[in-house]
Amino acid sequence: MYLKDSFERNINYVRIAVTDRCNLRCFYCMPEKGIEYEPKSHLLSYEEITRLLKILGNLGFSKVRFTGGEPFLRKDFIKLLENTAALNLFENIHITSNGTLLEKYLSKLKKIGVSKINLSLDTLDKERFRKITRRDDFFKVMQTFHQLIQESFNVKVNAVIMHGVNTEDILPLAELAVKYPVSIRYIEEMP
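So, here's what we can say about the structure. (Residues numbered from 1 in each chain as written. Predicted model: local features only at pLDDT ≥ 70, side-chain atom pairs only at ≥ 80, totals over all residues. Heavy atoms only, no water.)

Before going further, it helps to spend a moment on the packing of helix α1 (residues 46-58) against helix α2 (residues 77-86). It is at 10 Å that the axes of α1 and α2 come closest, and there the two elements cross at 25°. The angle between the axes of α1 and α2 places the two elements in the roughly parallel class. Seen from above, α1 lies across α2 with right-handed handedness. Contacts from Tyr46, Ile49, Thr50 and Leu53 of α1 reach α2 at Phe77, Leu80, Asn83 and Thr84. For the contact of α1 with α2, the per-class residue count stands at 5 nonpolar, 3 polar and no charged. (Axes fitted to C-alpha atoms, helices over the stretch in contact; angles between N-to-C directions. Helix = DSSP H or I, 4+ residues; strand = E, 2+ residues; numbered from the N terminus. Parallel < 35°, antiparallel > 145°, perpendicular 65-115°, else oblique. Left-handed = near helix turned anticlockwise from the far one by under 90°. Contact = heavy atoms within 4.5 Å. Nonpolar A, V, L, I, M, F, W, Y, C, P; charged D, E, K, R; others polar.)

Below, the structure written as structure tokens:
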């Protein structure tokens, strides 16, 4: 049994934001001082998420992507990934991350079966990175990028392109796809 959209296409993919918290302050996404976060009581528990995924998996969903904010800021996120894998219902478990906290979990992710990572990276210039994110984590993110490649993860770089901010990064980011086995996705800045 499959859910279908209004064009009769099978719906087999779910995206779950496990937190609204982020350790970066990208100016296009979050005010410098942050936002008022949702109370933890408003977030689905891991048990509720796992139950939802079991239902969706039995309806024919085969892919789940976990996002945030930054998903690794949520306590015991690895446990949710393990629970999801243990359901044996999803062919693909993916993560979108800013890369600042990801590197120390790579071996666990491999063991769980996570193979695809979307890495948010808007520039390859350290100073522009600092201006965009209001944080000085460029080298940490790039180290994570190279480790993901070395560990043979399927990597997609998500870059928000903003007129007058990082348009000069379009070609250098594209060159990553020439030099490394990665895909580059340019994302339009949302108003």
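Having seen the model, we can carry on.
With that settled, the discussion passes to the packing of aromatic side chains. Across all of its chains, the model carries 7 aromatic pairs by this definition. With 5.8 Å between their ring centres and 80° between their planes, Phe66 and Phe77 make a pair best called edge-to-face. Within this pair, whereas Phe66 is found in strand β4 (residues 63-67), its partner Phe77 is found in helix α2, the two being separated by 11 residues in sequence. Both residues of the pair, Phe66 and Phe77, count as buried. Summarising the aromatic geometry, the rings of Phe72 and Phe77 are spaced 5.0 Å apart at their centres and angled 90° between planes, so their arrangement reads as edge-to-face. For the pair Phe72 and Phe77, a shared accessibility class is recorded, and that class is buried. An aromatic cluster is built from Phe66, Phe72, Phe77 and Tyr105, whose rings are joined through pairwise contacts. Here the guanidinium or amino end of Lys63 rests over the ring plane of Tyr13, the centre of that ring lying 4.4 Å away. (Phe/Tyr/Trp six-rings, centres within 6.5 Å; stacked < 30°, edge-to-face > 60°. Buried < 20%, exposed > 50% of the residue type's maximum accessible area, 1.4 Å probe, protein only. Lys NZ or Arg CZ within 6 Å of the ring centre and 35° of its normal.)

By the secondary structure assignment, Ser107 is in helix α3 (residues 106-112). Separated by 44 residues in sequence, Ser107 and Glu151 have C-alpha atoms that sit 8.5 Å apart.

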